[in-house]
Amino acid sequence: MLVALVLAAVGCGHTPPTFEVVGARLAERTDDGVVLEFDLDATNTNQDELPLEVASYSLSIDGTRVFTGRRSPEATLRRFGTQRITLPAAIPLEAPADADALTTGLHRYRLEGSITYLAPGVLADVLFDARVYRPSTRFSDQGQIDFDAPPSDPEVTTTDE
């Protein structure tokens, strides 16, 4: 019960950040694979900055999971603000059939993940370092991406869930 009270006290006083996928694009294409980039608008409505720690996410193309990763968003969300972060997804092409399937035409994608952040306050910092309290916020998006578009062309449609 004491742990629950401490976690409730740490969680009070701040609102979790929100993440909205606002763009997806083909960033690079080689004979070995493709790299997609997903732009997220991260919004912090708190009076304190929120350092982002770890983004864990996965990408499916046409219903098949093709990427799972973890990386640092390398950002601290400023107070009462929105900023853009970019998450890459590298998709290796392991066989000639993969190259044909993933380098041409429109494909449906689904991006899902969560971003862990550091809540404000000294107690929250201590509990985060002790791995007792690590708040996170989920995000997801789906849409279509055109693999015939030139790399870095932002002409990609996304749909909200």
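Nothing here was measured: the structure is a model prediction, and the numbers come from that model. (Residues numbered from 1 in each chain as written. Predicted model: local features only at pLDDT ≥ 70, side-chain atom pairs only at ≥ 80, totals over all residues. Heavy atoms only, no water.)

(A) Structural context of the overall build of the chain. Check the secondary structure of the chain and you find 3 helices and 9 strands. Residues counted as buried form 41% of the 161 residues belonging to the chain. For the chain, the proportion of contacts with a sequence separation of at least 24, taken over those separated by at least 6, is 68%. As displayed, the chain has an accessible area near 8800 Å², and 50% of this comes from carbon and sulfur atoms. (Helix = DSSP H or I, 4+ residues; strand = E, 2+ residues; numbered from the N terminus. Buried < 20%, exposed > 50% of the residue type's maximum accessible area, 1.4 Å probe, protein only. Contact = heavy atoms within 4.5 Å. Areas by Shrake-Rupley, 256 points an atom, 1.4 Å probe, with all protein chains shown as cover.)

(B) Examining the side chain of Arg25 more closely. Topologically, Arg25 is positioned in strand E1 (residues 18–29). Residue Arg25 is classed as buried on the basis of its relative accessible area, which comes to 16%. Polar side-chain contacts of Arg25 include one of 2.5 Å to the side chain of Asp39. (Polar contact = N/O pair within 3.5 Å; in protein donor to acceptor, adjacent residues only side chain to side chain.)

(C) Spotlight on the pairing of strand E6 (residues 81–92). Burial along E6 is one-sided: the face carrying Gly81, Gln83, Ile85, Leu87, Ala89 and Ile91 is buried and the face carrying Thr82, Arg84, Thr86, Pro88, Ala90 and Pro92 is not. Relative to E6, strand E2 (residues 33–44) is paired through 12 bridges, and the arrangement is antiparallel. Each bridged residue has a counterpart across the sheet, and for Leu40 the counterpart in E6 is Ile85. (Pairing = 2+ DSSP bridges.)

(D) Representation of the environment of His107 within the structure. As for its position among the elements, His107 is in strand E7 (residues 106–117). Along the chain, His107 and Gly63 lie 44 residues apart, while their C-alpha atoms are 9.8 Å from each other. Of the polar contacts made by the side chain of His107, one reaches the side chain of Asp62; its length is 2.5 Å.

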